[in-house]
Amino acid sequence: MNGPVAEIRTAVRRFLDEVQPEHVTVAVSGGADSLALAAAVARLVPGASAVVVDHQLQPGSGDVALRAAQQCSEFGLVARVEPVAVEGGGGPEAAARKARYAALKPSSGVVLLGHTLDDQAETVLLGLGRGSGPRSIAGMRAFDPPWGRPLLGVSRAVTRAACAEQGIEVWEDPHNVDPSFTRVRLRTEVLPLLEDVLQGGVASSLARTAAQLREDCDALDSLAEAFAGDCCAVDDIAELPAALRRRVVRAWLIDEGVPELSDSHLRRVDALVSEWRGQGGVWLPGGFVVRRAHGRLAVEPQS
Ligand SMILES: Nc1ncnc2c1ncn2[C@@H]1O[C@H](COP(=O)(O)OP(=O)(O)OP(=O)(O)O)[C@@H](O)[C@H]1O
């Protein structure tokens, strides 16, 4: 059998053969990507579960979640709705994502997400445009325990076609067509224009670039591990190539408990090593400040 349903089943089977998880849960939003994934998992993994998170942010969200859970039960999955209270700063999207991932985190096994090749292409383009640093441009990983993304090589057109072929009704998230979201404009305006200018295959090319960059990043990260712990002594790392030095600094800051470190924060801390002019401390997320004194870096809570 060829066609979209077969393509998705093959991608899921390959992922599961490689990872061999003890239990499989599918995270389902009710959209085409995660429903197509859920249908494939139901065929391939007896006893698998599905979780639909209800963010309770829009009227009727409970009905959408319940409907998606019912569809998953009909596929043969053990399905449930998980209501969450979205709170905290960083914008409503980020807060919803944080609450969702917290609710989806399993006690064992993997949670499969429906991210596709097109999501990967958008992530890479966003990272490039925002100057977010190589880790962002390297995109999402297919397996980042406990999260699994078996559809990263499958395009959104295929998940839609698979749903249509199986008679699965999909929920159209109104956010997905709202041009006030940067990602929506990338999807509906920028990527089609790039496809047109470059004569096709842009999403695959971006995903391929991400995969290559991921290999490079992994290699540099493991080289940087050799210097772990030396970071506070500036002389020990000052002569390293910038790509390695920044990774040593980053690993040290994360180790010290600094959260959500952006590329521009990292570059400012790195400047305390590589462009030292006696400048003052660098303020970081989480209320931390990094200073250089007597040839050493020190991270302290902001006073
Ligand atoms: N409400 C939800 N309940 C359960 N799973 C969800 C929900 N929303 C999204 N997901 C899962 O996450 C996948 C990606 O969804 P979407 O692209 O909307 O998320 P995102 O906010 O971009 O996520 P990420 O932070 O991982 O990029 C979906 O295919 C699905 O597997």
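Scroll up to find the structure this text is about.
Keep in mind the model is a prediction, meaning the values are calculated, not measured.

### Some words on the sheet that holds strand β4 (residues 110-112)
Read from one edge of the open sheet, 6 strands run β3-β2-β1-β4-β6-β5, paired in mixed fashion. Strands with a single pairing partner mark the edges of an open sheet, and in this sheet they are β3 (78-83) and β5 (143-144). Lying over the sheet, helix α4 (residues 92-104) contacts β1 (24-27), β2 (49-54), β3, β4 and β6 (147-148), oriented at roughly 150° with respect to β2.

### Overview of the pattern of salt bridges
Here the structure, examined in full by the defined rule, presents 15 salt bridges. For the salt bridge of Asp-218 with Arg-135, the shortest nitrogen-to-oxygen distance reads 3.0 Å. With Asp-218 in helix α9 (residues 202-225) and Arg-135 in helix α6 (residues 134-137), the pair connects residues that are 83 residues apart, well separated along the chain. Under the relative-accessibility criterion, Arg-135 is labelled partly exposed at 29%.

### Some details on the packing of aromatic side chains
Tallied over the full model, the rule gives 2 aromatic pairs. Consider the rings of Phe-15 and Phe-143, whose centres lie 5.9 Å apart with planes at 85°: the pair is edge-to-face. Of this pair, Phe-15 sits in helix α1 (residues 4-19) while Phe-143 is found in strand β5, placing the two residues 128 residues apart along the sequence. Ring geometry for Tyr-101 against Trp-147: centres 4.9 Å apart, planes inclined by 80°, an arrangement best described as edge-to-face. Within this pair, whereas Tyr-101 is found in helix α4, its partner Trp-147 is found in strand β6, the two being separated by 46 residues in sequence. Here Trp-147 falls in the buried class, since its relative accessible area comes to 10%.

Cut-offs used in this document
Residues numbered from 1 in each chain as written. Predicted model: local features only at pLDDT ≥ 70, side-chain atom pairs only at ≥ 80, totals over all residues. Heavy atoms only, no water. Pairing = 2+ DSSP bridges. Helix = DSSP H or I, 4+ residues; strand = E, 2+ residues; numbered from the N terminus. Contact = heavy atoms within 4.5 Å. Axes fitted to C-alpha atoms, helices over the stretch in contact; angles between N-to-C directions. Salt bridge = Lys/Arg side-chain N within 4 Å of Asp/Glu carboxyl O. Buried < 20%, exposed > 50% of the residue type's maximum accessible area, 1.4 Å probe, protein only. Phe/Tyr/Trp six-rings, centres within 6.5 Å; stacked < 30°, edge-to-face > 60°.

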